[in-house]
Amino acid sequence: MIDQLPIINMIMFLVLALAIPFLRKVSFRLTLILGFVVLGLVTVSSVFILTDVMASGPILYRLGGHERLIGIELEVDLIAALISLFILGLALVIYIYSTGDATEGIEEREYARYYILFFILMFSLFGMVYANDLFNNYVFMEIMSITTCSIISIKRKKDTYTSAFRYVMLNEIGSLSFLFGVALLYMATGFTNITLLQQALSTLWPAYSANVIIALGFMLVGLGIKAAIFPFHIWLPDAHASAPSTSSAILSGIVIKIYLFVMIKVLFKVFGLRILDDLNISAALIAIGSLGMIFGSLFAIAQKDIKRLLGYSSIAQVGYIVLGIGLFSELGLAASVFHIFSHGMMKSALFLSVGIVVFQTKRRKIADFAGLGQQLPLSMGVFGIAALAMIGLPLTSGFISKLTLGVAALDHNQGYLIVIVILSSLLGVIYYLPILVSAFLKRIPEDAARPHLEKVPRPMIAAIVILALAIIVFGVFPNWILDIIEQAVATLGLPA
Amino acid sequence: MKIIESIMENINYVGAIALFLIGLHTVVTHRNLIKRVLGVNIMGTGVLLFFTSIGNVAGGEPPIFIPGSVPGIFVNPLPSVFILTGIVVVVSITVYSLSLVVRIHEAYGTIDQQEITEMIKEEEYHD
């Protein structure tokens, strides 16, 4: 029974997405409750999957019972089980938030469509995490491209259309590059199944080196565009700034992280360490990651719009994750996976609390944040906690991920990387701290015109408070999750 | 002459890569949004051509088994199946991006990237 759960999870999302249009006649509340039930059920089954995987190894499921060579295979190993739980956790919080005010800028009759897109997106996310087949990964990637672009362009505003168009074009270049890489690997080996590919590539590597090198290049560039790794990041700030707040949180917290997870899968499960070491991919990833950390932060300093600032900060944070992957050690990868979790929480908290501020004051320029700390203590408080976590203050999850990354860099005899991590954190101080200072400490004259505040629905507040608590819990008690992550990373066969 | 011979032998791969590059060039450099959508299509065609031509076996027959006949050499059917999925995907992306172009035309009255960028800059300046 337990090996059926992965496919049941995916089918539940798909069926719900297809059922929503038929619920148009009944109250919208029913749709919301159904969505909640499905997310809850999938969470329960994912917890079951995690405990089962921890006890008895990866779960394999073959669709239609066909063998590996021609069939579709799902494989849930420990990392996949962890990542799927992380997606669910964040998705639940974002879902709770979105029930408060579906999202700014979406017309009321579009709400149902927004949830259709949301659940198809969840379906493709789970597909990408579970799929043990590169071509399936490509198909889910394309489903994800359309749904992510649509949850940006669902807001009927001019600038969302242009940024969604740019996003869909770059996304398409990325996925077609990835498909080209898959085709080159298929040409050399005749497989798209990841397990079979790994076995074949380890013996074929010297004979088909041209194919393998070009394929690796195409796949890394394709995933790099989609994960907004530094030189390919140009679509991200526009897309994040113009999207509704919940969409920005999904995009920044979950979507780009999943592409990074696929990158981990491609690097370590398909190609394997020997090929990567021969090609010296490690140095390239470390260089790209460091450049992203520095330049993302530098661009962020220059921004006037708060959501664009958060977008550029995401580029810097993706740099940390790439750096951790590039160290090619167990601790480095563990740091990356932990940072995937902690950045997902921090960035969602930031986007959602900014979403409340925008909802209440209808302003989004950084200059308008002056004195807001007294007016909106709760949402600015959560913003403050998340921003301090981004900078890497102790007792927050951001500190733990930076500490682990630093230790991993030292283990790898690359102590100079710590300087880059610290430098990037200091740049983070430059763009986050002034917002906090002006929000909490700046005195505004009593007679100054204060923005008119709208009442906030309770679910929105509840969602951001949960995120803030999670950031602190992960920061104070990181060991239980780090232990599981290290156990998961150990299955990839990296040097300690 | 040897170069020409090897190109002729691998004309399918050369064509696929040429299509991919032409498409990429169109997406990245053209100002007209519809031409950029076309560029994505051309890129997609290049990749799909590459994939199908991998599966071709010289002198192979279509992989259809007829009872009573002696099976000869079959063409690998798997890449063709991949490509069917790929075609559907490219079509849906095209439909989505064309509908975005329609919305952009409604909002800005033009589908020229440069004019749109100038309009956005002007709006930001007035903000």
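Keep in mind that what you see is a predicted model, and the values were worked out from it rather than measured.

> Would you mind showing me how to read the overall build of chain B here?
In terms of regular secondary structure, chain B is built from five helices and zero strands. In terms of overall size, chain B is more extended than a compact globule, its C-alpha atoms giving a radius of gyration of 21 Å where 127 residues would be expected to give roughly 14 Å. Once the C-alpha set of chain B is aligned to its principal axes, its extents read approximately 75 × 45 × 15 Å. Buried residues in chain B amount to 31% of all 127 residues. Sequence separation of at least 24 residues holds for 50% of the intrachain contacts in chain B that already meet a minimum separation of 6. Of the accessible surface of chain B, which amounts to about 7900 Å², a share of 67% is contributed by carbon and sulfur atoms. On chain B, the mean spot of the 6 positive side-chain charges and the mean spot of the 11 negative ones are 4 Å from each other.

> Help me understand the packing of aromatic side chains in this model?
Any pair of aromatic rings gets described here by the distance separating the centres and the angle formed by the planes. Within this structure, the stated rule accounts for 31 aromatic pairs over all chains. Ring geometry for Phe13 of chain A against Phe119 of chain A: centres 6.2 Å apart, planes inclined by 25 degrees, an arrangement best described as stacked. Taken together, the positions of Phe13 of chain A in helix α1 (residues 5-19) and Phe119 of chain A in helix α4 (residues 111-130) put the pair 106 residues apart, joining distant regions of the chain. Each member of the pair, Phe13 of chain A as well as Phe119 of chain A, carries the same accessibility label: buried. The interplanar angle of 45 degrees and the centroid separation of 4.8 Å between the aromatic rings of Phe180 of chain A and Phe50 of chain B together place this pair among those described as tilted. Of the two residues, Phe180 of chain A is situated in helix α6 (residues 158-189) and Phe50 of chain B in helix α3 (residues 33-55); the pairing between them involves two chains. Across the pair, Phe50 of chain B and Phe180 of chain A agree in class, each one buried. Connected via pairs of aromatic rings, a cluster forms that spans Phe13, Phe36, Tyr95, Tyr114, Tyr115, Phe118, Phe119, Phe126 and Tyr130 of chain A. Across from the ring centre of Tyr108 of chain B, 5.1 Å away, lies the NZ or CZ of Lys158 of chain A, which sits over that ring.

> Which parts of the structure should I look at to understand empty space enclosed by the protein?
To find the voids left in a structure, one rolls a probe of water-molecule size over its atoms. Residues and elements named next belong to chain A. Scanning the model with the defined rule gives three cavities of 30 Å³ or more in all. Empty space within the largest cavity amounts to approximately 50 Å³. Forming the walls of the largest cavity are Asp77, Ile79, Ala80, Phe261, Ile264, Lys265, Lys269 and Leu492. Examining the composition of the lining of the largest cavity, we find that four residues originate from one element, helix α10 (residues 245-279), more than from any other.

> Before we go on, may I ask you to explain the side chain of Thr189 of chain A in this structure?
Residues and elements named next belong to chain A. Mapped onto the elements, Thr189 comes out in helix α6. From its side chain, Thr189 meets the backbone oxygen of Leu185 in a polar contact 2.8 Å long. Of the polar contacts made by the side chain of Thr189, one reaches the backbone nitrogen of Phe191; its length is 3.2 Å. Other than its neighbours up to four places away in sequence, Thr189 contacts Leu197, Ala200, Leu201 and Leu204.

> I'm lost on the layout of surface pockets in this one. Help?
As a volume, the largest pocket reaches approximately 1300 Å³. What lines the largest pocket is a set of 41 residues, and nearest its centre among them are Asp159, Asp238 and Arg308 of chain A together with Ile120 and Glu124 of chain B. Those elements giving two or more residues to the lining of the largest pocket turn out to be α6, α9 (235-242) and α13 (330-361) of chain A together with α2 (11-29), α3, α4 (78-108) and α5 (113-126) of chain B. Here the lining of the largest pocket is built from residues that sort into 16 nonpolar, seven polar and 18 charged. Residue lining of the second largest pocket: 22 residues in total, with Leu63, Ile72, Phe135, Asn136 and Val139 of chain A positioned closest to the centre.

> How should I be thinking about the packing of helix α11 (residues 281-301) of chain A against helix α17 (residues 416-440) of chain A in this particular structure?
The description of two packed helices rests on the angle between their axes and on the distance between the axes. All names here are of chain A. At a minimum axis separation of 8 Å, α11 and α17 run at an interaxial angle of 15 degrees. The angle between α11 and α17 places the two elements in the roughly parallel class. Note on packing geometry: the crossing formed by α11 with α17 is left-handed. Listed contacts from α17 to Ile286, Ser290, Met293, Ile294, Ser297, Leu298, Ala300 and Ile301 of α11 are Leu417, Ile420, Val421, Leu423, Ser424, Leu427, Ile430 and Tyr431. Here the residues of the contact of α11 with α17 are counted per class, giving 13 nonpolar, three polar and no charged.

> I keep staring at the confidence of the model for chain B and nothing clicks. Help me out?
Where the model shows low pLDDT, its predicted coordinates should not be examined in detail. Here chain B shows a mean pLDDT of 87. Residues at 70 or above account for 99%. Of all secondary-structure elements in chain B, the lowest mean pLDDT belongs to α5 of chain B, at 83, while α2 of chain B reaches the highest, 92.

> Honestly, the packing of α6 of chain A against α3 of chain B in this entry has me stumped. Any pointers?
For the pair α6 of chain A and α3 of chain B, interaxial distance at closest approach is 9 Å and the crossing angle is 10 degrees. Looking at the two axes, α6 of chain A sits roughly parallel to α3 of chain B. Touching Phe165, Met169, Glu172, Ile173, Leu176, Leu179, Phe180, Val182, Ala183, Leu184, Tyr186 and Met187 of chain A of α6 of chain A are Leu33, Arg36, Val37, Val40, Met43, Gly44, Val47, Leu48, Phe50, Phe51 and Ile54 of chain B, all from α3 of chain B. Its residues assigned to classes, the contact of α6 of chain A with α3 of chain B shows 20 nonpolar, one polar and two charged.

> What should I look at first to understand the interface of chain B and chain A in this one?
Quite often, the size of an interface is put as the accessible area lost when its parts meet. Every contact between the two is made by 37 residues of chain B and, on the other side, 33 residues of chain A. Counting the surface lost from both chain B and chain A, the interface buries some 3200 Å², and carbon and sulfur atoms represent 81% of this. Three residues stand out in chain B for area buried against chain A, namely Ile93, Tyr96 and Arg103 of chain B, and they jointly supply 18% of the buried area on that side. Across the chain B-chain A interface, the total number found is one salt bridge. Ionic pairing is found between Lys158 of chain A and Glu123 of chain B, a salt bridge with its closest N-O pair at 3.0 Å.

> Help me out: how do you make sense of unusual backbone geometry in this one?
What is expected of a backbone is that most residues other than glycine have negative phi and most peptide bonds are trans. All names here are of chain A. Unlike most non-glycine residues, Phe328 shows phi in positive territory, near 55 degrees. Here Phe328 is to be found in the loop between α12 (306-326) and α13. Among the residues examined, Phe328 registers a relative accessible area of 5% and is labelled buried. At Leu395, a position not held by glycine, the phi torsion is positive, near 75 degrees. Positionally, Leu395 belongs in the loop between α15 (377-391) and α16 (397-411). Taking the relative accessible area as the measure of exposure, Leu395 reaches 58% and is therefore exposed.

> What am I meant to see in the environment of Val101 of chain B here?
With respect to the secondary-structure elements, Val101 of chain B resides in helix α4. We classify Val101 of chain B as buried; its relative accessible area is 4%. Separated by 51 residues in sequence, Val101 of chain B and Phe50 of chain B place their C-alpha atoms 29 Å apart. Once residues lying within four places of it in the same chain are set aside, the contact partners of Val101 of chain B are Phe165 of chain A together with Leu33, Ile34, Val37 and Ile111 of chain B.

The rules behind the values
All residue numbers refer to positions counted from 1 along the written sequence of the respective chain. For this description, chains carry letters from A and ligands carry numbers from 1, given in the order in which they are written. The model is predicted, so local features are restricted to residues of pLDDT at least 70 and side-chain atom pairs to those at 80 or more, both for listing and for counting; the totals for chains, interfaces and linings are taken over all residues. Based on all heavy atoms of the structure, the side-chain values leave hydrogens and waters out of the count. Labels follow the DSSP assignment, with helices taken as runs of H or I lasting at least four residues and strands as runs of E lasting at least two, numbered in each case from the N terminus. In this setup the radius of gyration rests on C-alpha atoms only. A globule is expected at 2.2 Å times the number of residues raised to 0.38. The buried label applies to any residue whose accessible area, calculated with a 1.4 Å probe on protein chains only, is under 20% of its type's maximum; exposed applies above 50%, and partly exposed to all values in between. Two residues qualify as a contact provided that any one of their heavy atoms is within 4.5 Å of a heavy atom in the partner residue. The accessible surface values rely on the Shrake-Rupley method and a 1.4 Å probe; as for residues, cover is taken only from the protein chains in view. Under this rule, positive means Lys or Arg and negative means Asp or Glu; His and the chain ends count for nothing. By convention, the point assigned to a charge is CZ for Arg, NZ for Lys, CD for Glu and CG for Asp. When two rings of Phe, Tyr or Trp (its six-membered ring) have centres within 6.5 Å they constitute a pair, described as stacked for plane angles under 30 degrees, edge-to-face for angles over 60, and tilted for the intermediate range. Any Lys NZ or Arg CZ found within 6 Å of a ring centre and within 35 degrees of that ring's normal is scored as a charge over the ring. In the cavity and pocket records, a cavity denotes points on a 1 Å grid over the protein atoms alone where a 1.4 Å probe fits but cannot get out, a pocket denotes an open set with protein on both sides within 12 Å along at least 5 of 7 lines, and lining residues are residues with an atom within 4 Å of a point. Grid points are joined across faces, edges and corners, and a volume is the space filled by probe spheres set on the points. Any pair of nitrogen or oxygen atoms within 3.5 Å is treated as a polar contact; in protein, a donor-acceptor pairing is required on top of that, and neighbouring residues in sequence qualify only through side-chain atoms on both sides. Side-chain classes are defined by residue name, with Ala, Val, Leu, Ile, Met, Phe, Trp, Tyr, Cys and Pro counting as nonpolar, Asp, Glu, Lys and Arg as charged, and the others, Gly among them, as polar. Angles shown run from 0 to 180 degrees and are taken between the N-to-C directions of axes, each axis being a line fitted to C-alpha atoms and, for helices, limited to the stretch in contact. Note on angle classes: values under 35 degrees are labelled roughly parallel, values over 145 roughly antiparallel, values of 65 to 115 roughly perpendicular, and the remainder oblique. Handedness of a crossing follows from how the near helix is turned relative to the far one, being left-handed for an anticlockwise turn of less than a right angle and right-handed for a clockwise one. pLDDT measures how confident the predictor is about each residue, on a scale from 0 to 100. The term buried area refers to how much accessible surface (probe radius 1.4 Å) is lost by two components on association, counted for both of them together. We count a salt bridge whenever a side-chain nitrogen from Lys or Arg sits within 4 Å of a carboxyl oxygen from Asp or Glu.

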